[in-house]
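# A closer look at the structure
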Amino acid sequence: MRKTVKKALALILLLSLAVPLVSGCAGGGALKLQSGFTGDENFYLDRPYALDADQVAPTGAEFKRAEEYLTQNILESAENGSLAFDFAVDGAYFSEVFTTYEKSLETTADDDTRTDYTLTYTKAGEPLTVTVYATLYKTLPVIEWTVWLENTGGANSGVITEFNGLNLTVDEADAGTEYNLTTFAGSRMNLSAFKPNYQVMEPGKAVSISGAAGKPSAYWAPYYNLQWQEKGAEWNKAGMLFSVGWSGQWSAKLERTDAGVQMEAGQERFASYLEPGEQARGPLMSILFYEQDFMRSQNMFRRFMYETVMPKQNGQPLPNMTAGSTAVETDLTKTATTENQVAAIERWARAGLKPTHWLMDAGWYEMPGGGWEDTGNWDPDPARFGDSMMEISEAAEAAGMGYILWYEPERVNANTDFSERKEYLLTENMFDLSNDEALQFLCEYIVEQIERNGVSVYRQDCNFSSLMENWKKGESENRIGMVENKYVVNYLRFFDYLLEHCPGLLIDSCASGGRRIEMETNRRSVVLWRDDACYEPTLTQCQSYGINFYVPYSGHGTIDTAPETIKYAFRSNMCQSTWLSWVVKDGDDAQNALY
């Protein structure tokens, strides 16, 4: 039986590498796999077989494109009159006056993998200081930048609008060249979640994409790929793959013009002055430059995500994960107890099952309304667990497993501990992460929880129907978008605090199933539950096909235990992280053998 389990777990590793091969594999070696994704005129079928590792290696020409672009549009933008971002103050655009500002440029870090720069614009008599943090990567042809605005004056600034972290025209090709755009669906709770969508950009027509309800990867994902024909490039093709790193409501607009493709991206709603000493930031913009074909570009980007962006453990990329639980037997964890969790861990071990982690999902706290949705109490239910989950964590550790525990601190329900902390609430249902004092309280509170409960994977959900509607309630005249901006900044600071104060901690950003997949969150966490449509084999296969174009590590689960279909369901639902929602019973040797 244990050999069977080991084979199954090994198969997870194999398929997690094989699934992305459908879009070309960065580690394929001599392996050749027929590619099956085509668009109009076989746009995607530029090569008959999947890529191998040598074919994905970046070229000197691609590194040159990245460096020249960063230099031209960021580092030496004032000298060149070309700016990759923009905003307006009382209707006056920074791009029209930035050459009159004093500019300072400092190299803040430089090693074998990257060079970091800090660029600052100031002007006497102007209250806004503009700071750009930029990075040129050396392992792949990727550049990044983030724009921060600060009011260093003594009075409110003018009203800032059209704050776009990206504002540029791609004009690399000849006039009349065809531009091909690929966008990616986000979490949609159906078969089309994460689906790549290809189109030829039509002159005069704009393409707009965005997140939904304040969740960055709800409906559309913040990644898109633009390719065109270009003489002199390898295969006469070149392109740029964009990422909009914003943990709130982002939007992007691309329009084919006579000059090329005009594009902008940023926080969707922002029209606010800054108070003295106050800051606002734009998204983390990332661009990968490439030649040759679409499949190769996506593999290069996945390599960047896996090797550079994603969290690491012990300095190494994350290994595959599996997680056992009693979710079926205990209605998530609504009827879980210390006793039945420890017993289940031991039962799984006796059956020869050794997942990497033990998972306790929603419902382990006191629920005033009786449902797991009644969040706001984050101490364990004393009637079921005493004052700590440590006994369960220790049982998992003894069985060779880490311990995953679910939280949702942003959403607050009535008659709970957090609902009584009025000074920390933005609305009656939302914890106010835009409030620095509330942030500090939450940081210290959750660190204490993690330590007291023996948590090795902190799983954070976010089940608001709309973050945006709550943010709007905190706005005032000429302060549109400021609550969201501060909330996003502090949400990221919260994750940073947890990682700094809890060495070895892994964060799982669940967010209603994959609705916060974006570059800033990706740098601090992984998504171990990518969509709330789950367990159905065909659906998972389709979602795996789509998401692996841009996110190389995600998770789902398997629940089918029928002897006739368990193998098919298991293999179809396998991801880089796989929840095993099985019922394991002592003495049920036939069923346990299937597991």
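These lines cover the structure that appears in this document, whether it is placed above or below. Not measured: the values here are computed from a predicted model.

Conventions we followed
- Residues numbered from 1 in each chain as written.
- Predicted model: local features only at pLDDT ≥ 70, side-chain atom pairs only at ≥ 80, totals over all residues.
- Heavy atoms only, no water.
- Helix = DSSP H or I, 4+ residues; strand = E, 2+ residues; numbered from the N terminus.
- Rg over C-alpha atoms; globule rule 2.2 N^0.38 Å.
- Buried < 20%, exposed > 50% of the residue type's maximum accessible area, 1.4 Å probe, protein only.
- Contact = heavy atoms within 4.5 Å.
- Phe/Tyr/Trp six-rings, centres within 6.5 Å; stacked < 30°, edge-to-face > 60°.
- Lys NZ or Arg CZ within 6 Å of the ring centre and 35° of its normal.
- Salt bridge = Lys/Arg side-chain N within 4 Å of Asp/Glu carboxyl O.

## What to know about the overall build of the chain
The secondary structure content of the chain amounts to 16 helices and 29 strands. What you see for the chain is a C-alpha radius of gyration of 25 Å, in line with the 25 Å of a compact globule of 595 residues. Principal-axis analysis of the C-alpha atoms gives the chain an extent of 75 × 60 × 40 Å. By the burial criterion, 59% of the 595 residues in the chain qualify as buried. Sequence-distant contacts, at least 24 apart, represent 69% of the contacts inside the chain between residues at least 6 apart.

## Things to note about the packing of aromatic side chains
Taken as a whole and judged by the stated rule, the model has 44 aromatic pairs. Seen in terms of ring centroids, Phe301 and Phe304 are 6.4 Å apart; in terms of plane orientation they differ by 40°. Their pairing is tilted. Of this pair, Phe301 and Phe304 both sit in helix H5 (residues 294–309), three residues apart, which is roughly one turn of the helix. By the burial criterion, Phe301 is buried, and Phe304 matches it. Among the aromatic residues, ring-to-ring pairing joins Trp364, Tyr365, Trp372, Trp378, Trp406, Tyr407, Tyr458, Tyr491, Phe494 and Phe495 into one connected group. Directly above the ring of Tyr273 sits Arg479, whose terminal nitrogen or CZ lies 4.9 Å from the centroid.

## Topic: the pattern of salt bridges
For the structure shown, the criterion picks out 28 salt bridges. The partner of Lys486 in a salt bridge is Glu278, with the nearest N and O atoms 2.7 Å apart. Taken together, the residues span a long stretch of sequence, with Lys486 in helix H11 (residues 482–501) and Glu278 in the loop between strand E15 (271–272) and strand E16 (279–281) at a distance of 208 residues. Using a relative accessible area of 30% as the deciding quantity, one classes Lys486 as partly exposed. Its salt-bridge partner being Glu408, residue Arg411 comes within 2.8 Å of it at the nearest N-O pair. The burial state of Arg411 is the same as that of Glu408; both residues are buried. Salt bridges here are not isolated pairs; linked through shared partners, they connect Glu275, Glu278, Arg479 and Lys486.

## Things to note about unusual backbone geometry
Positive phi outside glycine occurs at Glu162, with the angle close to 50°. Tracing the sequence through the fold places Glu162 in strand E7 (residues 160–170). Of note in this structure, Asn236 is not a glycine but carries a positive phi near 55°. Checked against the element boundaries, Asn236 lands in the loop between strand E11 (220–229) and strand E12 (237–245).

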